[in-house]
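Topology and contacts: notes
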Amino acid sequence: MHGDNGKPSGIAWHIGRLKLASRVMPAPLCDISDRPFRELARSMGADLVCTQMLSAEGIVRDDKRTWSILDTAGEASPVSVQLLGANPDTLARAAQMLEARGASIIDLNMGCPARKITGNRCGSALMLHPGLVAAIVKTVKRAIAIPLTVKMRAGWDDSAQTGMEIAQICESEGVDAVTIHARTRQQAYKGRADWGLISGIKAALRIPVIGNGDIMSPPDAVRMIRQTGCDAIMIGRGLMGNPWLMRACNDAVNRFIEGRIADESQAPGDEQVLLDDGTCRVPVRVPFYMKEVTLGERFNLVLWHTRMMVAAKGERRGVLEMRKHSQHYIKGIRGCKLLREKLMKLETLEEIGALFDEYRRWLAGGAGTMQDVRIVTN
Ligand SMILES: Cc1cc2nc3c(=O)[nH]c(=O)nc-3n(C[C@H](O)[C@H](O)[C@H](O)COP(=O)(O)O)c2cc1C
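Residues numbered from 1 in each chain as written. Predicted model: local features only at pLDDT ≥ 70, side-chain atom pairs only at ≥ 80, totals over all residues.

With that out of the way, let us pick up the domain arrangement of the protein. The domain boundaries assigned to the protein delineate domain 1 (13-265) and domain 2 (272-372). Between the C-alpha centres of domain 1 and domain 2 the distance comes to 31 Å. At the junction of the two partners, domain 1 supplies 13 residues and domain 2 supplies twelve residues. When residues of the side of domain 1 that touches domain 2 are traced back to their parent elements, those giving at least two are α1 (35-43) and α10 (244-257). By residue number, the principal contributor to the side of domain 1 that touches domain 2 is α1, which donates four residues. Taken together, the residues of the side of domain 1 that touches domain 2 break down into six nonpolar, three polar and four charged. (Domains from an automatic or database assignment. Contact = placed C-beta atoms within 7 Å. Helix = DSSP H or I, 4+ residues; strand = E, 2+ residues; numbered from the N terminus. Nonpolar A, V, L, I, M, F, W, Y, C, P; charged D, E, K, R; others polar.)

Our focus in this paragraph is the pairing of strand β5 (residues 79-84). Where a strand is regular, its side chains alternate between the two sheet faces. When you tally the buried positions in β5, you get six out of six residues, the bulk of the element. Residues Val 79, Val 81 and Leu 83 line one face of β5 and the alternating positions Ser 80, Gln 82 and Leu 84 line the opposite face, and both faces are buried. Sheet analysis places strand β4 (residues 49-55) next to β5, joined by five bridges and oriented parallel. The residue bridging Met 53 from the neighbouring strand is Gln 82, located in β5. The pairing of β5 with strand β6 (residues 105-110) spans four bridges and is classified as parallel. Considered in β6, the bridge of Leu 83 is made with Leu 108. Traced from β5 through helix α4 (residues 88-100) to β6, the parallel crossover comes out right-handed. (Buried ≥ 20, exposed ≤ 12 C-beta atoms within 10 Å, placed from the backbone. Pairing = 2+ DSSP bridges. Right-handed = clockwise from strand over helix to strand, strands pointing away.)

Right, let's talk about helix α12 (residues 295-313) for a bit. Because each turn of an α-helix spans 3.6 residues, side chains separated by three or four positions in sequence point in the same direction. The end-to-end C-alpha distance of α12 is 27 Å, a good match for the 27 Å that 19 residues give at a rise of 1.5 Å each. Those residues of α12 not exposed but buried are Phe 299, Val 302, His 305, Thr 306 and Met 309. Taken end-on, α12 shows its buried residues confined to a sector of 125°, consistent with a single buried face. Turned more than 90 degrees away from the buried face of α12, the exposed residues are Gly 296, Glu 297, Asn 300 and Ala 311. (Expected span 1.5 Å × (residues − 1). Arc of directions from axis to C-beta.)

This part is about the nonpolar core. Membership of the largest hydrophobic core comes to 84 residues, with the highest contact counts inside it found for Val 24, Leu 83, Ile 106, Ala 221, Ile 233, Ile 235 and Cys 249. When residues in this core are grouped by element, the largest group, seven residues, is from α10. Grouped together as the second largest cluster of nonpolar side chains are ten residues, Val 302, Leu 339, Ile 352 and Phe 356 included. (Core = buried A, V, L, I, M, F, W, Y, C linked by C-beta atoms within 7 Å.)

Another point: the environment of Glu 75. Inspection of the secondary structure puts Glu 75 in the loop between α3 (64-69) and β5. Residues Glu 75 and Ala 103, spaced 28 residues apart in sequence, show a C-alpha to C-alpha distance of 9.9 Å.

Structure, rendered in C-alpha coordinates:
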(Lines give C-alpha, C1' and ligand atoms only; values in the text may rest on other atoms or scores of the structure.)
Protein backbone atom coordinates (compact mmCIF):
# COMPACT_ATOMS: atom_id res chain seq x y z
CA MET A 1 0.00 0.00 0.00
CA HIS A 2 3.04 2.25 0.41
CA GLY A 3 5.63 3.26 -2.18
CA ASP A 4 9.39 3.18 -1.61
CA ASN A 5 9.46 6.70 -0.22
CA GLY A 6 7.00 5.79 2.55
CA LYS A 7 4.06 7.68 1.12
CA PRO A 8 0.87 5.90 0.05
CA SER A 9 1.26 4.54 -3.48
CA GLY A 10 -2.26 5.41 -4.63
CA ILE A 11 -5.39 7.16 -3.47
CA ALA A 12 -7.48 3.99 -3.02
CA TRP A 13 -6.77 1.93 0.11
CA HIS A 14 -8.40 -0.80 2.18
CA ILE A 15 -9.56 -1.49 5.70
CA GLY A 16 -9.88 -5.27 5.68
CA ARG A 17 -11.77 -6.03 2.47
CA LEU A 18 -13.43 -2.62 2.38
CA LYS A 19 -12.02 -0.50 -0.43
CA LEU A 20 -11.95 3.23 0.26
CA ALA A 21 -11.63 6.09 -2.18
CA SER A 22 -10.45 8.89 0.11
CA ARG A 23 -7.55 9.12 2.56
CA VAL A 24 -9.27 11.80 4.63
CA MET A 25 -12.11 11.07 6.99
CA PRO A 26 -14.19 12.96 9.54
CA ALA A 27 -13.66 11.96 13.17
CA PRO A 28 -16.44 10.68 15.40
CA LEU A 29 -17.64 13.66 17.44
CA CYS A 30 -20.17 13.14 20.21
CA ASP A 31 -23.36 15.18 19.60
CA ILE A 32 -21.89 16.50 16.34
CA SER A 33 -21.31 13.67 13.87
CA ASP A 34 -24.95 12.86 13.30
CA ARG A 35 -26.51 11.97 9.95
CA PRO A 36 -26.61 15.58 8.59
CA PHE A 37 -22.97 16.14 9.57
CA ARG A 38 -21.95 12.89 7.86
CA GLU A 39 -23.90 13.85 4.70
CA LEU A 40 -22.13 17.20 4.73
CA ALA A 41 -18.74 15.49 5.04
CA ARG A 42 -19.65 13.20 2.14
CA SER A 43 -20.65 16.16 0.01
CA MET A 44 -17.14 17.50 0.63
CA GLY A 45 -15.45 14.31 -0.57
CA ALA A 46 -15.39 12.04 2.49
CA ASP A 47 -15.84 8.35 1.75
CA LEU A 48 -15.78 6.59 5.12
CA VAL A 49 -17.78 8.41 7.80
CA CYS A 50 -18.32 7.44 11.43
CA THR A 51 -21.12 7.70 13.97
CA GLN A 52 -20.49 9.09 17.41
CA MET A 53 -19.87 6.53 20.15
CA LEU A 54 -22.76 4.28 21.19
CA SER A 55 -22.90 2.37 24.44
CA ALA A 56 -22.62 -1.38 23.85
CA GLU A 57 -24.60 -1.95 27.06
CA GLY A 58 -27.35 0.32 25.76
CA ILE A 59 -27.52 -1.56 22.45
CA VAL A 60 -27.66 -4.97 24.10
CA ARG A 61 -30.21 -3.86 26.72
CA ASP A 62 -32.30 -2.41 23.89
CA ASP A 63 -32.19 1.03 25.44
CA LYS A 64 -34.37 3.39 23.38
CA ARG A 65 -32.11 6.41 23.81
CA THR A 66 -29.02 4.53 22.62
CA TRP A 67 -30.82 3.21 19.56
CA SER A 68 -32.13 6.70 18.82
CA ILE A 69 -28.52 7.87 18.39
CA LEU A 70 -28.05 5.26 15.66
CA ASP A 71 -29.39 7.34 12.79
CA THR A 72 -27.96 5.23 9.95
CA ALA A 73 -31.12 3.59 8.51
CA GLY A 74 -31.09 3.97 4.74
CA GLU A 75 -27.76 5.83 4.78
CA ALA A 76 -25.24 5.30 1.97
CA SER A 77 -22.32 2.97 2.76
CA PRO A 78 -19.72 2.89 4.11
CA VAL A 79 -20.54 3.98 7.65
CA SER A 80 -18.41 2.98 10.60
CA VAL A 81 -20.32 2.61 13.87
CA GLN A 82 -18.38 3.30 17.05
CA LEU A 83 -18.95 1.29 20.20
CA LEU A 84 -18.07 2.12 23.77
CA GLY A 85 -17.73 -0.56 26.42
CA ALA A 86 -15.37 -2.75 28.42
CA ASN A 87 -17.12 -6.11 28.54
CA PRO A 88 -15.91 -8.36 25.69
CA ASP A 89 -19.14 -10.35 25.38
CA THR A 90 -21.39 -7.28 25.51
CA LEU A 91 -19.26 -5.52 22.91
CA ALA A 92 -19.30 -8.61 20.68
CA ARG A 93 -23.10 -8.95 20.94
CA ALA A 94 -23.61 -5.24 20.22
CA ALA A 95 -21.22 -5.45 17.26
CA GLN A 96 -23.23 -8.35 15.82
CA MET A 97 -26.48 -6.41 16.20
CA LEU A 98 -24.96 -3.39 14.44
CA GLU A 99 -23.54 -5.54 11.66
CA ALA A 100 -27.06 -6.91 11.12
CA ARG A 101 -28.29 -3.29 10.87
CA GLY A 102 -25.85 -2.58 8.03
CA ALA A 103 -22.73 -1.17 9.73
CA SER A 104 -19.74 -1.31 7.35
CA ILE A 105 -17.13 -1.26 10.13
CA ILE A 106 -17.21 -1.59 13.91
CA ASP A 107 -14.89 0.89 15.60
CA LEU A 108 -14.04 0.46 19.28
CA ASN A 109 -13.60 3.60 21.37
CA MET A 110 -10.44 3.54 23.49
CA GLY A 111 -10.03 7.29 23.66
CA CYS A 112 -12.91 8.99 25.45
CA PRO A 113 -11.43 10.94 28.40
CA ALA A 114 -14.70 11.72 30.27
CA ARG A 115 -14.59 10.63 33.89
CA LYS A 116 -18.05 9.06 33.86
CA ILE A 117 -16.84 6.86 31.00
CA THR A 118 -13.35 5.99 32.26
CA GLY A 119 -14.75 5.21 35.72
CA ASN A 120 -16.27 2.09 34.16
CA ARG A 121 -12.93 1.12 32.53
CA CYS A 122 -14.35 2.28 29.17
CA GLY A 123 -12.92 4.74 26.64
CA SER A 124 -9.35 5.83 27.35
CA ALA A 125 -9.24 3.79 30.60
CA LEU A 126 -8.74 0.74 28.38
CA MET A 127 -5.28 2.11 27.59
CA LEU A 128 -4.37 0.97 31.13
CA HIS A 129 -5.61 -2.59 30.62
CA PRO A 130 -3.76 -4.38 27.81
CA GLY A 131 -5.05 -7.80 28.86
CA LEU A 132 -8.65 -6.61 28.70
CA VAL A 133 -8.02 -4.94 25.31
CA ALA A 134 -6.70 -8.26 23.96
CA ALA A 135 -9.79 -10.09 25.22
CA ILE A 136 -12.12 -7.43 23.79
CA VAL A 137 -10.68 -7.28 20.29
CA LYS A 138 -10.32 -11.06 20.04
CA THR A 139 -13.95 -11.63 21.09
CA VAL A 140 -15.40 -8.87 18.90
CA LYS A 141 -13.33 -9.89 15.89
CA ARG A 142 -14.61 -13.46 16.12
CA ALA A 143 -18.21 -12.26 16.34
CA ILE A 144 -18.36 -10.20 13.13
CA ALA A 145 -17.50 -10.53 9.45
CA ILE A 146 -17.11 -6.79 8.75
CA PRO A 147 -13.79 -5.04 9.53
CA LEU A 148 -12.95 -4.10 13.11
CA THR A 149 -11.04 -0.91 13.91
CA VAL A 150 -9.88 0.69 17.16
CA LYS A 151 -9.55 4.40 17.90
CA MET A 152 -7.10 5.00 20.73
CA ARG A 153 -5.02 7.60 22.48
CA ALA A 154 -1.27 7.80 23.14
CA GLY A 155 -1.86 6.39 26.60
CA TRP A 156 -3.35 7.32 29.93
CA ASP A 157 -0.78 9.87 31.11
CA ASP A 158 2.95 10.65 30.84
CA SER A 159 3.84 7.64 32.95
CA ALA A 160 1.57 5.22 31.07
CA GLN A 161 2.18 5.83 27.36
CA THR A 162 0.80 2.51 26.24
CA GLY A 163 -0.19 3.50 22.68
CA MET A 164 2.43 1.32 20.97
CA GLU A 165 1.68 -1.70 23.15
CA ILE A 166 -2.08 -1.42 22.65
CA ALA A 167 -1.69 -0.91 18.89
CA GLN A 168 0.45 -4.05 18.64
CA ILE A 169 -2.07 -6.05 20.65
CA CYS A 170 -4.82 -4.83 18.33
CA GLU A 171 -2.89 -5.97 15.29
CA SER A 172 -2.03 -9.36 16.71
CA GLU A 173 -5.67 -9.99 17.71
CA GLY A 174 -6.93 -9.28 14.19
CA VAL A 175 -7.96 -5.60 14.20
CA ASP A 176 -8.06 -4.28 10.61
CA ALA A 177 -6.88 -0.69 11.24
CA VAL A 178 -6.09 1.60 14.15
CA THR A 179 -6.66 5.33 14.54
CA ILE A 180 -4.21 7.13 16.79
CA HIS A 181 -5.29 10.34 18.49
CA ALA A 182 -1.79 11.02 19.72
CA ARG A 183 -2.62 12.63 23.04
CA THR A 184 -2.82 10.98 26.44
CA ARG A 185 -6.02 10.95 28.42
CA GLN A 186 -4.38 13.39 30.84
CA GLN A 187 -3.92 15.86 27.98
CA ALA A 188 -7.60 15.61 27.02
CA TYR A 189 -7.61 18.03 24.04
CA LYS A 190 -4.78 20.30 25.24
CA GLY A 191 -1.15 20.50 24.18
CA ARG A 192 0.08 19.14 20.87
CA ALA A 193 -0.68 15.67 19.56
CA ASP A 194 2.55 13.62 19.38
CA TRP A 195 2.82 12.82 15.70
CA GLY A 196 6.13 11.01 16.41
CA LEU A 197 4.10 8.29 18.10
CA ILE A 198 2.00 7.91 14.95
CA SER A 199 5.23 7.45 12.90
CA GLY A 200 6.45 4.84 15.38
CA ILE A 201 3.20 2.88 15.34
CA LYS A 202 3.01 3.06 11.55
CA ALA A 203 6.56 1.69 11.29
CA ALA A 204 5.77 -1.15 13.71
CA LEU A 205 2.42 -2.30 12.26
CA ARG A 206 1.35 -3.85 8.97
CA ILE A 207 -2.33 -2.91 9.24
CA PRO A 208 -3.39 0.60 8.16
CA VAL A 209 -2.75 3.41 10.63
CA ILE A 210 -4.94 6.51 10.61
CA GLY A 211 -3.34 9.64 12.05
CA ASN A 212 -5.45 12.02 14.12
CA GLY A 213 -4.91 15.18 16.12
CA ASP A 214 -4.42 18.85 15.24
CA ILE A 215 -5.15 18.79 11.52
CA MET A 216 -6.56 22.24 10.92
CA SER A 217 -5.44 23.03 7.37
CA PRO A 218 -4.40 21.32 4.10
CA PRO A 219 -0.69 21.79 4.94
CA ASP A 220 -1.29 19.99 8.26
CA ALA A 221 -2.98 17.15 6.35
CA VAL A 222 -0.06 16.72 3.95
CA ARG A 223 2.50 17.09 6.74
CA MET A 224 0.78 14.38 8.79
CA ILE A 225 0.96 11.92 5.88
CA ARG A 226 4.49 12.92 4.85
CA GLN A 227 6.01 12.90 8.35
CA THR A 228 4.28 9.88 9.81
CA GLY A 229 3.74 7.73 6.70
CA CYS A 230 0.20 7.05 7.97
CA ASP A 231 -2.29 5.57 5.53
CA ALA A 232 -5.06 8.09 6.11
CA ILE A 233 -5.90 11.03 8.30
CA MET A 234 -8.90 11.83 10.48
CA ILE A 235 -10.09 15.37 11.20
CA GLY A 236 -12.22 16.34 14.20
CA ARG A 237 -12.55 19.86 15.53
CA GLY A 238 -11.26 21.48 12.36
CA LEU A 239 -14.43 20.45 10.52
CA MET A 240 -16.81 22.14 12.94
CA GLY A 241 -18.20 25.10 11.02
CA ASN A 242 -15.69 24.44 8.27
CA PRO A 243 -16.66 21.38 6.22
CA TRP A 244 -14.74 22.90 3.28
CA LEU A 245 -11.63 21.76 5.14
CA MET A 246 -12.53 18.18 4.21
CA ARG A 247 -12.51 19.00 0.49
CA ALA A 248 -9.36 21.10 0.71
CA CYS A 249 -7.46 18.45 2.71
CA ASN A 250 -8.68 15.71 0.38
CA ASP A 251 -7.44 17.67 -2.66
CA ALA A 252 -4.10 18.46 -1.05
CA VAL A 253 -3.53 14.87 0.12
CA ASN A 254 -4.47 13.46 -3.30
CA ARG A 255 -2.12 15.90 -5.01
CA PHE A 256 0.65 14.87 -2.63
CA ILE A 257 0.07 11.15 -3.16
CA GLU A 258 0.01 11.61 -6.94
CA GLY A 259 3.26 13.56 -6.81
CA ARG A 260 1.69 16.81 -8.03
CA ILE A 261 2.98 18.62 -4.95
CA ALA A 262 6.20 17.77 -3.14
CA ASP A 263 5.20 18.72 0.38
CA GLU A 264 2.91 20.84 2.56
CA SER A 265 4.50 24.13 1.53
CA GLN A 266 2.65 23.77 -1.79
CA ALA A 267 -0.79 23.16 -0.22
CA PRO A 268 -3.13 26.13 0.35
CA GLY A 269 -2.72 27.35 3.90
CA ASP A 270 -3.65 30.31 6.05
CA GLU A 271 -2.84 33.68 4.60
CA GLN A 272 -1.65 36.90 6.06
CA VAL A 273 -3.99 39.69 5.00
CA LEU A 274 -4.15 43.35 5.88
CA LEU A 275 -7.39 44.37 7.51
CA ASP A 276 -8.31 47.94 6.93
CA ASP A 277 -11.09 49.16 9.20
CA GLY A 278 -10.78 52.78 8.10
CA THR A 279 -8.64 53.89 11.02
CA CYS A 280 -5.76 51.47 10.96
CA ARG A 281 -4.35 48.55 8.99
CA VAL A 282 -3.75 45.36 10.91
CA PRO A 283 -2.05 42.21 9.61
CA VAL A 284 -4.21 39.18 10.45
CA ARG A 285 -3.86 35.49 9.61
CA VAL A 286 -7.04 34.15 8.06
CA PRO A 287 -7.77 30.55 7.18
CA PHE A 288 -7.51 29.92 3.43
CA TYR A 289 -11.20 28.99 3.20
CA MET A 290 -12.35 32.40 4.36
CA LYS A 291 -10.82 33.87 1.28
CA GLU A 292 -12.09 31.17 -1.04
CA VAL A 293 -15.63 30.58 0.23
CA THR A 294 -17.95 33.52 -0.35
CA LEU A 295 -20.36 34.67 2.30
CA GLY A 296 -23.24 33.54 0.07
CA GLU A 297 -21.81 30.01 -0.16
CA ARG A 298 -21.33 29.94 3.57
CA PHE A 299 -24.90 31.00 4.35
CA ASN A 300 -26.27 28.58 1.75
CA LEU A 301 -24.37 25.76 3.40
CA VAL A 302 -25.66 26.73 6.86
CA LEU A 303 -29.21 26.70 5.46
CA TRP A 304 -28.68 23.33 3.77
CA HIS A 305 -27.22 21.90 6.99
CA THR A 306 -30.18 23.33 8.94
CA ARG A 307 -32.67 21.84 6.47
CA MET A 308 -31.05 18.42 6.93
CA MET A 309 -31.16 18.84 10.73
CA VAL A 310 -34.85 19.77 10.55
CA ALA A 311 -35.61 16.81 8.26
CA ALA A 312 -33.77 14.44 10.62
CA LYS A 313 -34.94 15.77 13.98
CA GLY A 314 -37.98 17.98 13.46
CA GLU A 315 -37.92 21.77 13.30
CA ARG A 316 -37.63 22.64 16.97
CA ARG A 317 -34.89 20.18 17.86
CA GLY A 318 -33.12 20.55 14.52
CA VAL A 319 -32.87 24.33 14.80
CA LEU A 320 -31.86 24.18 18.48
CA GLU A 321 -29.12 21.63 17.80
CA MET A 322 -28.00 23.64 14.80
CA ARG A 323 -26.96 26.49 17.12
CA LYS A 324 -23.74 24.73 18.10
CA HIS A 325 -22.79 24.47 14.41
CA SER A 326 -23.93 27.96 13.38
CA GLN A 327 -21.68 29.73 15.83
CA HIS A 328 -18.68 28.06 14.19
CA TYR A 329 -19.89 28.80 10.65
CA ILE A 330 -20.03 32.54 11.19
CA LYS A 331 -16.72 32.90 13.04
CA GLY A 332 -14.58 35.67 11.66
CA ILE A 333 -17.14 37.48 9.54
CA ARG A 334 -17.90 41.16 10.06
CA GLY A 335 -20.28 41.69 12.97
CA CYS A 336 -20.31 38.02 13.88
CA LYS A 337 -20.87 38.68 17.57
CA LEU A 338 -24.18 40.37 16.93
CA LEU A 339 -25.12 37.85 14.27
CA ARG A 340 -24.37 35.01 16.72
CA GLU A 341 -26.50 36.61 19.44
CA LYS A 342 -29.42 36.87 17.04
CA LEU A 343 -28.96 33.35 15.65
CA MET A 344 -29.00 31.84 19.14
CA LYS A 345 -32.54 33.13 19.68
CA LEU A 346 -34.12 31.82 16.49
CA GLU A 347 -36.41 28.80 16.44
CA THR A 348 -37.35 28.21 12.80
CA LEU A 349 -35.57 27.64 9.52
CA GLU A 350 -37.45 30.52 7.96
CA GLU A 351 -36.25 32.94 10.65
CA ILE A 352 -32.65 31.90 9.99
CA GLY A 353 -33.05 32.52 6.24
CA ALA A 354 -34.59 35.92 6.97
CA LEU A 355 -31.77 36.85 9.34
CA PHE A 356 -29.15 36.05 6.71
CA ASP A 357 -31.05 38.18 4.18
CA GLU A 358 -31.19 41.02 6.68
CA TYR A 359 -27.50 40.65 7.42
CA ARG A 360 -26.64 40.80 3.73
CA ARG A 361 -28.72 43.96 3.30
CA TRP A 362 -26.92 45.47 6.28
CA LEU A 363 -23.57 44.61 4.80
CA ALA A 364 -24.53 45.94 1.39
CA GLY A 365 -25.69 49.21 2.96
CA GLY A 366 -22.87 49.61 5.46
CA ALA A 367 -19.92 48.09 3.66
CA GLY A 368 -20.54 48.60 -0.05
CA THR A 369 -21.28 45.65 -2.31
CA MET A 370 -21.00 42.01 -1.20
CA GLN A 371 -17.69 41.72 -3.08
CA ASP A 372 -16.32 44.48 -0.84
CA VAL A 373 -17.00 42.54 2.34
CA ARG A 374 -13.74 42.35 4.20
CA ILE A 375 -12.84 39.55 6.54
CA VAL A 376 -12.82 40.81 10.09
CA THR A 377 -11.88 38.67 13.05
CA ASN A 378 -13.85 39.60 16.15
C1 LIG B 1 -16.87 17.55 20.90
C2 LIG B 1 -16.04 16.31 20.69
C3 LIG B 1 -16.66 15.08 20.68
C4 LIG B 1 -15.91 13.90 20.46
N5 LIG B 1 -16.56 12.70 20.43
C6 LIG B 1 -15.85 11.57 20.15
C7 LIG B 1 -16.49 10.30 20.01
O8 LIG B 1 -17.71 10.15 20.14
N9 LIG B 1 -15.69 9.23 19.74
C10 LIG B 1 -14.32 9.34 19.58
O11 LIG B 1 -13.64 8.35 19.32
N12 LIG B 1 -13.71 10.53 19.69
C13 LIG B 1 -14.43 11.64 19.95
N14 LIG B 1 -13.79 12.84 20.02
C15 LIG B 1 -12.34 12.92 19.70
C16 LIG B 1 -12.15 13.22 18.20
O17 LIG B 1 -12.68 12.18 17.41
C18 LIG B 1 -10.66 13.42 17.85
O19 LIG B 1 -9.97 12.25 18.17
C20 LIG B 1 -10.04 14.58 18.61
O21 LIG B 1 -10.87 15.71 18.58
C22 LIG B 1 -8.66 14.95 18.00
O23 LIG B 1 -8.77 15.31 16.65
P24 LIG B 1 -8.76 16.87 16.19
O25 LIG B 1 -7.49 17.48 16.74
O26 LIG B 1 -8.78 16.80 14.69
O27 LIG B 1 -9.98 17.49 16.78
C28 LIG B 1 -14.51 13.99 20.27
C29 LIG B 1 -13.89 15.25 20.30
C30 LIG B 1 -14.63 16.39 20.50
C31 LIG B 1 -13.94 17.73 20.50
